[in-house]
Amino acid sequence: MSLSAAAWAASEVLQIGAAVVTLVQLRRRIAALTAATRTDELTGLGNRRGLTAALARRVAPPAVLLLDVRRFKGVNDRYGYHAGDELLRQVAARLHQIAARHAGVAARLGGDEFALLLPIAAAADVTAVIAEVERALATPLHLPDAAGQVELSAVFGASLPPAALSDRPLRAADIALHYARHHGLQAVIYRPGMTYPAAEDRHGPRLRDRPGAAPVIETDTDLLHQLMTVPGSGSAAGPARRLTELAERCDPRSSTFGTAAAELVAALVTHRVLWLHEPVTDVRLEATAAGPHRDGALLLLVTFADTLTLCSAPMSAPSFAHPAVEPVEFLLATVVDTVVGFADAYCTLRAQRADR
């Protein structure tokens, strides 16, 4: 083999090796992003996506236990979001321990609503777990600053296998939870034929729980990686250069993180990395003046049908410093989860107005 042929062969091997390394890194990043989108950022429990994935992995259908924590709003109103967040973290830790003892899974669905998947099928066993959760919540939680100690309770809704809604156990448990709230009961186990109370505040299942519900926002991660790895120069590489520059500036430790993140989300919407569907018509981030730096926090604003805009609570820059996920990808996951949650609220408001 001539020297030039050997050099060419070596170059080919290096290129193949580099391609393999890039592919492995990409797969790891996608796996990490998938894990992040299934994890509740505040508590570390699974979120609704994580719960749905855990449910799909179960060989035998589990019991589903939903609970709304009472008095949480009072803690938030009296002591602030910092105390409320700490309360949710402590509640999550106790629920995780209970779920682990029963070989189950705990998740936070949003706000003060949690869920447990339990490999049990008897009403007596579910009742025993409910009593266990009640004892855990009644044990005082230690909160920072002036909040001191807080004792909690909860209202519960559960579904057992098999049931008329065995293909949608989360919806069955949700119906039971609303039935319990509507009738002032501590706990209700779903019975075949049970429906949402007619006068319930929430009109039917959440948007994301409805069969065949269309997505309100989608993320094209393949396009994101493609745009951010396009080599070369010229007008065709303009979007790639712009996204790469914004991604490099998207450092949670930077004093300009908020501005960079706001510009990045706008660019992702423009280049269709983030797809918005009805009723969502606009999604944008705004940097705030809170915190030690000018861009110490972010607000996510979501507009529905060009008429109603909902705003998130301030999100601090350090919360985007996830050890296993790039800030850009964690930012995307946060935006998607928040938009989906706001869509539930919007649909509830729209249904309430229609009934007046």
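Calculation notes
- Chains are numbered independently. Their residues run from 1 in the order of the written sequence.
- Predicted model: local features are reported for residues with pLDDT of at least 70 only, side-chain atom pairs are reported and counted for 80 or more only, and whole-chain, interface and lining totals are derived from all residues.
- Excluded from the side-chain calculation are hydrogens and water; included are all heavy atoms of the structure.
- Helix and strand assignments follow DSSP, with helices taken as H or I runs no shorter than four residues and strands as E runs no shorter than two, numbered in order from the N terminus.
- Throughout, a residue-residue contact means that at least one pair of heavy atoms, one from each residue, lies within 4.5 Å.
- Computed with a 1.4 Å probe, the accessible areas rest on the Shrake-Rupley method; for each residue, only the protein chains presented here act as cover.
- Here the expected span of a helix is defined as 1.5 Å times the quantity of residues minus one.
- Only protein chains enter the accessibility calculation, which uses a 1.4 Å probe; a residue whose area is less than 20% of its type maximum is buried, one above 50% is exposed, and one in between is partly exposed.
- In what follows, salt bridge is the name for a side-chain nitrogen of Lys or Arg lying within 4 Å of a carboxyl oxygen of Asp or Glu.
- Confidence per residue, as judged by the predictor, is encoded in pLDDT with a range of 0 to 100.
- Throughout this description, the term nonpolar core refers to a set of buried Ala, Val, Leu, Ile, Met, Phe, Trp, Tyr and Cys residues connected via side-chain atoms within 4.5 Å.
- For two strands to be treated as a pair, DSSP must find no fewer than two bridges joining them.
- Under this scheme, a helix contributes an axis fitted over its contacting stretch, all axes are lines through C-alpha atoms, and angles between N-to-C directions fall in the 0 to 180 degree range.
- Polar contacts, as counted here, are pairs of nitrogen or oxygen atoms within 3.5 Å of one another; within protein the pair requires one atom able to donate a hydrogen and one able to accept it, and residues that are adjacent in sequence qualify only if both atoms are side-chain atoms.
- Aromatic contacts are taken between Phe, Tyr and Trp rings whose centres are within 6.5 Å, Trp giving its six-membered ring; a plane angle under 30 degrees counts as stacked, one over 60 as edge-to-face, and the others as tilted.
- Placement of a charge over a ring requires the Lys NZ or Arg CZ to be within 6 Å of the ring centre, with the centre-to-atom vector within 35 degrees of the ring normal.

### Here we look at the overall build of the chain
Reasoning step 1: Within the chain, the regular secondary structure consists of 10 helices and 13 strands.
Reasoning step 2: Considering only contacts within the chain whose residues lie at least 6 apart along the sequence, 61% involve residues at least 24 apart.
Reasoning step 3: Carbon and sulfur atoms make up 56% of the accessible area of the chain, which amounts to about 17,900 Å² in all.

### With respect to helix α4 (residues 81-101)
Reasoning step 1: With 21 residues, α4 extends 30 Å between its outermost C-alpha atoms, agreeing within 8% with the 30 Å of an ideal straight helix rising 1.5 Å per residue.
Reasoning step 2: Residues Ala 83, Gly 84, Leu 87, Leu 88, Gln 90, Val 91, Ala 92, Arg 94, Leu 95, Ile 98 and Ala 99 constitute the buried set of α4.
Reasoning step 3: Following α4 by one or two positions, Ala 103 has its phi on the positive side, about 60°.

### Considering the pattern of salt bridges
Reasoning step 1: The tally for this structure, following the rule as stated, stands at eight salt bridges.
Reasoning step 2: A salt bridge links Arg 89 to Glu 86, with the nearest nitrogen and oxygen atoms 3.3 Å apart. Within this pair, Arg 89 and its partner Glu 86 are both found in helix α4, separated by three residues, close to a single helical turn.
Reasoning step 3: Among the residues examined, Arg 89 registers a relative accessible area of 31% and is labelled partly exposed.

### Some words on unusual backbone geometry
Reasoning step 1: Pro 279 follows Glu 278 through a cis peptide bond whose omega is 5°.
Reasoning step 2: With respect to the helices and strands, the residue Pro 279 is situated in the loop between β9 (274-276) and β10 (280-288).
Reasoning step 3: With phi around 65°, Arg 272 is a residue other than glycine that occupies positive phi space.
Reasoning step 4: Within the secondary structure, Arg 272 sits in the loop between α9 (257-270) and β9.

### Concerning the confidence of the model for the chain
Reasoning step 1: Of the residues in the chain, 72% have a pLDDT of 70 or more, and the chain-wide mean is 77.
Reasoning step 2: Here helix α1 (residues 3-37) stands out as the element of the chain with the lowest mean pLDDT, 60, in contrast to strand β3 (residues 113-118), whose mean of 93 is the highest.
Reasoning step 3: Per-residue pLDDT stays below 50 along residues 232-236; that stretch engages in three contacts with residues further than four places along the chain or on separate chains.

### Notes on the environment of Ser 153
Reasoning step 1: Checked against the element boundaries, Ser 153 lands in strand β6 (residues 153-159).
Reasoning step 2: Excluding residues that lie within four positions of it along the chain, Ser 153 makes contacts with Asp 68, Val 69, Arg 70, Arg 71, Glu 134 and Leu 137.

### Quick notes on the nonpolar core
Reasoning step 1: If you look at the biggest cluster of nonpolar residues, it comprises 39 residues, and the most contacted ones within it are Leu 285 and Val 339.
Reasoning step 2: Counting only elements with at least two residues in this core, the list comes to α8 (238-249), α9, β10, β11 (297-304) and α10 (327-355).
Reasoning step 3: The residues touching Leu 285, leaving out its near neighbours within four places in the chain, are Ala 261, Ala 262, Val 265, Leu 298, Leu 299, Leu 300, Met 315 and Leu 331.
Reasoning step 4: Judged by nonpolar contacts, the second largest core, of 34 residues, contains Ala 63, Ala 83, Phe 114 and Val 126.

### Re the pairing of strand β1 (residues 63-70)
Reasoning step 1: Within β1, seven of the eight residues are buried, which leaves the element mostly enclosed by the surrounding structure.
Reasoning step 2: Here β1 runs beside β3; their pairing, made up of six bridges, is antiparallel. Bridging across to β3, Val 64 finds its partner in Leu 117.
Reasoning step 3: Relative to β6, β1 is paired through seven bridges, and the arrangement is antiparallel. Directly across from Asp 68, in β6, lies its bridge partner Val 155.

### What about the sheet that holds strand β2 (residues 105-110)?
Reasoning step 1: With mixed pairing, the five strands of this open sheet are ordered in space as β2-β3-β1-β6-β7. Looking at the sheet topology across the chains shown, the edges are occupied by β2 and β7 (187-189). With direction set aside, neighbouring strand axes in the sheet form an average angle of 20°.
Reasoning step 2: One ladder, built from five bridges, connects β2 with β3; its direction is antiparallel. Note on β3: the bridge partner recorded for Arg 108 is Phe 114.
Reasoning step 3: Where helix α2 (residues 48-57) meets the sheet, its contacts fall on β2 and β3, and the angle it forms with β2 comes to roughly 145°.
Reasoning step 4: Contacts from helix α5 (residues 123-138) reach β1, β3, β6 and β7, with the element oriented near 160° to β6.

### With respect to the side chain of Thr 43
Reasoning step 1: Relative to the elements of secondary structure, Thr 43 occurs in the loop between α1 and α2.
Reasoning step 2: Separated by 3.2 Å, the side chain of Thr 43 and the backbone nitrogen of Leu 45 make a polar contact.
Reasoning step 3: Discounting residues that sit within four places of it in the chain, Thr 43 has contacts with Leu 88, Arg 89, Ala 92 and Arg 108.

### What about the packing of aromatic side chains?
Reasoning step 1: Scanning all chains against the criterion turns up one aromatic pair.
Reasoning step 2: Taking 4.6 Å as the distance between ring centres and 10° as the angle between the ring planes, the aromatic pair formed by Phe 304 and Tyr 346 counts as stacked. With Phe 304 in strand β11 and Tyr 346 in helix α10, this pair connects stretches of sequence that are 42 residues apart.
Reasoning step 3: The exposure class of Phe 304 is buried, given its relative accessible area of 0%.
Reasoning step 4: Arg 272 extends its terminal NZ or CZ atom over the ring of Trp 275, reaching a point 3.8 Å from the ring centre.

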